[in-house]
Amino acid sequence: MIEILYEDWQSPVFFSFNTEEWMNDICDKHGKELAELCIVFCSDEYLLEKNREILNHDYYTDIITLDYCVDNQIFGDLFISLDRVAENAKDRGESFEDERDRVMAHGLLHLVGFGDKTESEALEMRKQEEMCLSLRKI
């Protein structure tokens, strides 16, 4: 089950595909079961405050992933700054939708077990993000 919430954000986010089916497909590809996922779309300022509060980091980020997984069942929260998504999309020459989906996939990939702290982990994460984007049924 996926729940989408908004914090310090006025307009809803629309998808041209079934996000729950897509995220279930990502989990299935990695031998995991999507149990409960809450996606909170928010502003830069809201996520900065969460970053300070939860991780003791004092900088802007596009996503914070909170992992409550149990065995092969995925439970978690994804806090996503739509301000960062928009800026990153512009900087990368990507559409807002593709960047938003990449960030969502990134968070889910953390929950299925991928890291991004080392250079090799980051390279694998990018490869996995691309694979996830290819699974969308647009």
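Residues numbered from 1 in each chain as written. Predicted model: local features only at pLDDT ≥ 70, side-chain atom pairs only at ≥ 80, totals over all residues. Heavy atoms only, no water.

Asks: Please explain the nonpolar core as it appears in this structure.
Replies: Across soluble globular proteins, nonpolar side chains have a tendency to be buried as a group. Counting 28 residues, the largest nonpolar core has Trp-22, Met-23, Leu-37, Ile-39 and Ile-80 as its most contacted members. Within the residue set of this core, elements represented by two or more residues are α1 (19-29), β2 (33-42), β4 (73-81), α3 (82-92), α4 (96-112) and α5 (119-134). In terms of residue count, α4 provides more of this core than any other element does, seven residues in total. Formed by seven residues, the second largest nonpolar core is a distinct cluster that contains Val-40, Ile-64, Leu-66 and Phe-79. (Core = buried A, V, L, I, M, F, W, Y, C linked by side-chain atoms within 4.5 Å. Buried < 20%, exposed > 50% of the residue type's maximum accessible area, 1.4 Å probe, protein only. Helix = DSSP H or I, 4+ residues; strand = E, 2+ residues; numbered from the N terminus.)

Asks: Please explain the side chain of Glu-99 as it appears in this structure.
Replies: Relative to the assigned elements, Glu-99 resides in helix α4. With a relative accessible area of 2%, Glu-99 lands in the buried category. Apart from residues lying up to four places away in sequence, Glu-99 is in contact with Val-85, Asn-88, Ala-89 and Arg-92. (Contact = heavy atoms within 4.5 Å.)

Asks: Any chance you could explain unusual backbone geometry here in plain terms?
Replies: Across residues other than glycine, the phi torsion is negative in most instances, and most of the peptide bonds are trans. Even without being glycine, Asp-8 reaches a positive phi, approximately 55 degrees. One can find Asp-8 in the loop between β1 (2-7) and α1. Its identity as a non-glycine residue notwithstanding, Asn-56 has a phi of 60 degrees, on the positive side. Note on placement: Asn-56 falls in the loop between α2 (44-55) and β3 (63-67). Exposure remark for Asn-56: the relative accessible area of 70% places this residue in the exposed category.

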